[in-house]
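# Summary of structural features
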Amino acid sequence: MSTNETMINRYERAFMNTFGAPQLALTRGEGAYVWDADGKRYLDLLGGIAVNALGHAHPAIVGAVQAQVGTLGHISNFFTSTPQVELGEKIQDVFAQSGYERPVKVFLTNSGTEAVESALKIVRLHKPGGRILALTHAFHGRTFGALTLTDKPAIKDQFAPLAGTVEFVEPTARDLDAAFAGGNVAAIFMEPIQGEAGVMPLPDGLLSHARALCDAAGALLVIDEIQTGIGRTGQWLASRGVQADVVTLAKGLGGGFPIGACVGAGAAGELFTPGSHGSTFAGNPVASAVALATLMQVEALLTHVHDTGLWLRSQLEAAGYEVRGSGLLLAIGVHDSTRVRDELLTKGFITNAPNPHTIRLAPPLIVSESDLAPFTALMAERSHEFQEA
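Source: prediction; values computed, not measured.

On to the packing of aromatic side chains. All chains considered together, the criterion is met by four aromatic pairs. Measuring from centroid to centroid gives 5.8 Å for Phe107 and Phe272, while their planes differ by 75°, and the two rings are edge-to-face. Linking Phe107 in strand S4 (residues 104-109) with Phe272 in the loop between strand S12 (260-265) and helix H10 (285-299), this pair joins segments that are 165 residues apart in sequence. It is Arg41 that lies over the ring of Tyr33; its NZ or CZ is 4.0 Å from the centre.

Structure below.
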């Protein structure tokens, strides 16, 4: 039995069967690559599901952790720290760069689903008892509140009844119009690109249309940028050009360190008061220092992400594939995604199959064309087989 298999067996004996058996036991990473317990190298085209913005063992992250944990590790939210304050200010700067005219305020969390829970509380404070809308095929998290916003029966029906009622709307202007016509809408939650649904971008203009409907109804527009934000699409926010009332962030924000944020613009940023919400670990100095270092590095990568994403897309489309998404969040249409994912893994490429006909790519933002060239060459070589009906 290989070292890899031994580690997976030990994992299965120790942990609940929440995720199924791991595909690999990984031991180290560097840049866009990781190595398993048997020493085999893989190009990481998933990036921890759009998390490892700077890849693995990036000096800026290593340095931030080492420096901060050696001075101040955890203090609770009875106090603040320099990294926390500077991170909040940098997030404000990110939103200013993204065109936000209203000032924003930040609530830090430990994860994306916690950011969504925070947004739900803000919505309740904004319009108690109001209707909450979300889009069909949406994924916003697995905690009880976020699960109500997630349109995936396979992961939610077994836990019914859930916390509150959410109405799901098809992502078209006509369906949004009909939903808002029912009145008393408190908020609508929207992902600019529905990642877990298979990297499905919203129709052009739909976010702007939702913004107008919310303005007319006195409702909040909540944009979930957990997977799409922090440079993933080649700009800070995939929703750039539309100003939300609330934006949720996570994944790439910490470059691999657990952290999220719920950002409120204008009046929505003033609704939380002492006692409205809280978190023991959120905003701790180490997480804040890492997130701040990540943002500083990503700021210099936005053009690279845009250009590299265009190159990767062009290579795949030239090989005959249907490609969706933006920047370095892309989906490739295939016939049997599980088979393709597994075969790519044997060839040294880590990808993801969010549905039966989609391979999802979300590599580190530092990935280069030379890193990607062996992958695109293999995809071109196997194009007919991977796409055959």
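What follows concerns the layout of surface pockets. There is about 390 Å³ of room inside the second largest pocket. Asn77, Gln84, Val106, Phe107 and Leu108 are the residues nearest the centre of the second largest pocket, which is lined by 14 residues in total. Among the secondary structure elements, those contributing two or more residues to the lining of the second largest pocket are helix H4 (82-97) and S4. In terms of residue class, the lining of the second largest pocket is made up of six nonpolar, eight polar and no charged.

A word on the sheet that holds strand S2 (residues 33-36). Within the open sheet, the four strands sit side by side as S1-S2-S3-S15. Their pairing is mixed. Lying at the two open borders of the sheet, with one neighbouring strand each, are strand S1 (26-30) and strand S15 (349-350).

What counts and what doesn't
Residues numbered from 1 in each chain as written. Predicted model: local features only at pLDDT ≥ 70, side-chain atom pairs only at ≥ 80, totals over all residues. Heavy atoms only, no water. Phe/Tyr/Trp six-rings, centres within 6.5 Å; stacked < 30°, edge-to-face > 60°. Helix = DSSP H or I, 4+ residues; strand = E, 2+ residues; numbered from the N terminus. Lys NZ or Arg CZ within 6 Å of the ring centre and 35° of its normal. 1 Å grid on protein atoms, 1.4 Å probe; cavity = no way out; pocket = protein on both sides within 12 Å on 5 of 7 lines; lining within 4 Å. Points joined across faces, edges and corners; volume = space filled by probe spheres on them. Nonpolar A, V, L, I, M, F, W, Y, C, P; charged D, E, K, R; others polar. Pairing = 2+ DSSP bridges.

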